[in-house]
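Here's the letter readout for the chains.
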Amino acid sequence: MTQEDKIRWFVIEESTALIKAAADLILASAQCAILEHDRFSLVLAGGTTPREVYERLAQSDAQWDKWHLYYGDERCLPSDDDERNSEMVRATGLSEKVAAHFSIPAELGAERAAEEYESLIESALPFDLVLLGMGEDGHTASLFPGYEIDDSRFVVPVHDAPKPPPDRVSLTPKALGQCNEMMVLVTGAAKADALRRWVSGEELPVSRVTSSAQGPVTVLTDQRQALDPEK
Ligand code: 6PG
């Protein structure tokens, strides 16, 4: 499968429709995974884009006792800080629904949290579905342009991140790519330039991660212009 074959690009300009499509795709992925191996291991994206998708999931009917939630990255803040990705997920009601919720212990500091989470996820690989967002600079998880990625590891500490807070923990392409499916949610005009650069073949953290994916990648975006510049 070439890189181009691996990625399916979907433009959904209406935000409620995009949120519904993302949630429905995740629920369908869960049903297949549970049928196949009686478990659904899902890596959650942080940031703000996925919040309404998680709210919709939490209101859905699913075999929650088979769902295992992980995180693609976390910010080094106290565990109850509103800016934590795990707090964003908790506020949507999703983490309370599932059988197993494995947050990254980023309150311990980046190095220690990376070590602890690495040993936890090694036994969880491969993931069934990895969800990702993308920043305006093409970053994903907490993998930022111009920052070396230690691809010998599954989880790495991140310092001096350009997106606050500066200290973070992130899964690497080596971990994120070990998945049966990957989904990237990219919404908002602010992301259009990075999306255009991605589509034109520029190497960005997001493209480095998607090209590491073992399974198909679905990109859902509301930015038609970025994908079809002629239109
Ligand atoms: C984080 C996220 C990060 C996020 C992108 C997009 O911790 O900030 O993991 O990678 O997915 O920055 O963020 P928004 O969804 O808020 O635009």
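Keep in mind it's a predicted model, so treat the numbers as computed, not measured.

What counts, and where the lines are drawn
- Residues numbered from 1 in each chain as written.
- Predicted model: local features only at pLDDT ≥ 70, side-chain atom pairs only at ≥ 80, totals over all residues.
- Heavy atoms only, no water.
- Buried < 20%, exposed > 50% of the residue type's maximum accessible area, 1.4 Å probe, protein only.
- Helix = DSSP H or I, 4+ residues; strand = E, 2+ residues; numbered from the N terminus.
- Pairing = 2+ DSSP bridges.
- Axes fitted to C-alpha atoms, helices over the stretch in contact; angles between N-to-C directions.
- Parallel < 35°, antiparallel > 145°, perpendicular 65-115°, else oblique.
- Left-handed = near helix turned anticlockwise from the far one by under 90°.
- Contact = heavy atoms within 4.5 Å.
- Nonpolar A, V, L, I, M, F, W, Y, C, P; charged D, E, K, R; others polar.
- Near = heavy atom within 4 Å.
- Polar contact = N/O pair within 3.5 Å; in protein donor to acceptor, adjacent residues only side chain to side chain.
- Areas by Shrake-Rupley, 256 points an atom, 1.4 Å probe, with all protein chains shown as cover.

The next point concerns the pairing of strand β6 (residues 127-132). Of all 6 residues that make up β6, 6 are buried, and the element is covered over most of its length. As defined by bridge partners, strand β2 (residues 40-44) adjoins β6 across 2 bridges and the pair is classed as parallel. Considered in β6, the bridge of L42 is made with L129. As paired elements, β6 and strand β9 (residues 179-186) share 5 bridges and run parallel to each other. Across the sheet, residue L132 finds its bridge partner in β9, namely V184.

We now examine the packing of helix α2 (residues 15-37) against helix α3 (residues 51-58). With their axes 9 Å apart at the nearest point, α2 and α3 run at an angle of 55° to one another. Taken together, the axes of α2 and α3 lie oblique to each other. Helix-helix and strand crossings are classified by hand; for α2 and α3 the assignment is right-handed. The segment α2 lies against α3, with I19, K20, A22, A23, I26 and L27 engaging E52, V53, R56 and L57. Class assignment for the residues of the contact of α2 with α3 results in 7 nonpolar, no polar and 3 charged.

This part takes up the site of the ligand. Surveying the vicinity of the ligand reveals 16 residues, the closest of which are T48, T49, D73, H139 and A141. Contact between the ligand and R75: an oxygen atom at 2.8 Å from a side-chain N or O atom of the residue. Bound to the protein, the ligand loses 92% of the 420 Å² it would expose on its own. Looking at the shell around the ligand residue by residue, the classes come out as 2 nonpolar, 9 polar and 5 charged.

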